[in-house]
Amino acid sequence: MRRLGHILLLLVVWLSLACGGKPQAMHSASPYTYYFPVAGFYEPSPLPTPAPTPDPDLACFTDPAAVVFYRLLLTDSRQARAALVCYPRLVAAAKERAVTLAGEGALSHCDARGECVNRVARRYGCTLPAGYAPNGNNIESLAAGTPDPWVIFVWLAASPSHSVHLFARDPSGNIQRQFQQQTQIGIASYYAPGSAWGYYWVILIADCQLPLSASPMLQYMYVTPLMQKRELSWN
């Protein structure tokens, strides 16, 4: 009988361990103490949702279309600059210029009052080189007619007078030192319903006399835009 009690004890302990429950003592007249498992369910705590990683380019440009244009420009094989970084002061200047263009319905590097883009950039805190025109244009490319950054990029890149500003290379592929030193950029697009062109783009690439910063490392994008006949303009 004593041996049978030992067997029952071992069996109960094995069942308790196998079920993984918290044992609960049961008192009886037996000289042995028996433990029986208590059934239950374990509810795991949900894992915290990781916070999304902010996009530094979007934080600077604040316009997804501008970010697309910037990355096309940065990753193009023709780009001769070692660095090209978003500069908030140029972004603010580009936004003012885009609104001005839409209000006046014309693509010009100077507004109706005679203030040109170099002066606008300086007013926003971009310290341009002394050799730049006090009130002219050494830093701006303009386009209008579509919200599509791919189309705007292709049109400007195909224009010899604009590609040298975008890539710091002349049409023969030679590096242009003055443009290569322009390593800060601000881009803005603005939609004005009922205006002459609807959508207005301002691309400012300048040398704001800042320390050279490393460009973000981005993968090359091999994309061929589907070009359709559109009414576009650029300056």
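Residues numbered from 1 in each chain as written. Predicted model: local features only at pLDDT ≥ 70, side-chain atom pairs only at ≥ 80, totals over all residues. Heavy atoms only, no water.

Visitor: Hey, could you run me through the state of the cysteines in this one?
Guide: If you walk through the whole model with that rule in mind, you get three disulfides. Each disulfide pairs two cysteine sulfurs, and for C60 the partner residue is C86, the sulfurs being separated by 2.0 Å. Across the S-S bond linking C60 and C86, the dihedral sits near -85°, which makes this disulfide left-handed. Taken together, the residues span a long stretch of sequence, with C60 in helix α2 (residues 56-61) and C86 in strand β3 (residues 85-86) at a distance of 26 residues. A relative accessible area of 17% means that C86 is categorised as buried. Linked covalently through their sulfurs, C126 and C208 form a disulfide whose S-S length is 2.0 Å. Handedness here is read from the sign of the S-S torsion; for C126 and C208, about -95°, the answer is left-handed. Pair noted here: C126 is in the loop between α5 (117-123) and β4 (140-144) and C208 is in the loop between β6 (199-206) and β7 (233-234), with a separation of 82 residues, a long-range link. On the basis of relative accessible area, C126 is assigned to the buried category, the value being 1%. For the chain, the bonded cysteines pair up as 1-2, 3-4, 5-6 when numbered in the order they occur along the sequence. (Disulfide = S-S within 2.5 Å. Helix = DSSP H or I, 4+ residues; strand = E, 2+ residues; numbered from the N terminus. Buried < 20%, exposed > 50% of the residue type's maximum accessible area, 1.4 Å probe, protein only.)

Visitor: Honestly, the nonpolar core in this entry has me stumped. Any pointers?
Guide: Judged by nonpolar contacts, the single largest core of 25 residues is most densely connected at F61, F69, L73, L166, I185, I187 and I203. Where this core is concerned, the elements lending two or more residues are α2, α3 (64-75), α6 (149-157), α7 (160-167), β5 (184-191) and β6. With eight residues, the single largest contributor to this core is α3. If sequence neighbours within four positions are ignored, F69 has contacts with P149, I152, F153, L156, L166, I187, W201 and I203. Counting residues in hydrophobic clusters, the runner-up holds 24 residues, among them Y87, C126, L142 and A206. (Core = buried A, V, L, I, M, F, W, Y, C linked by side-chain atoms within 4.5 Å. Contact = heavy atoms within 4.5 Å.)

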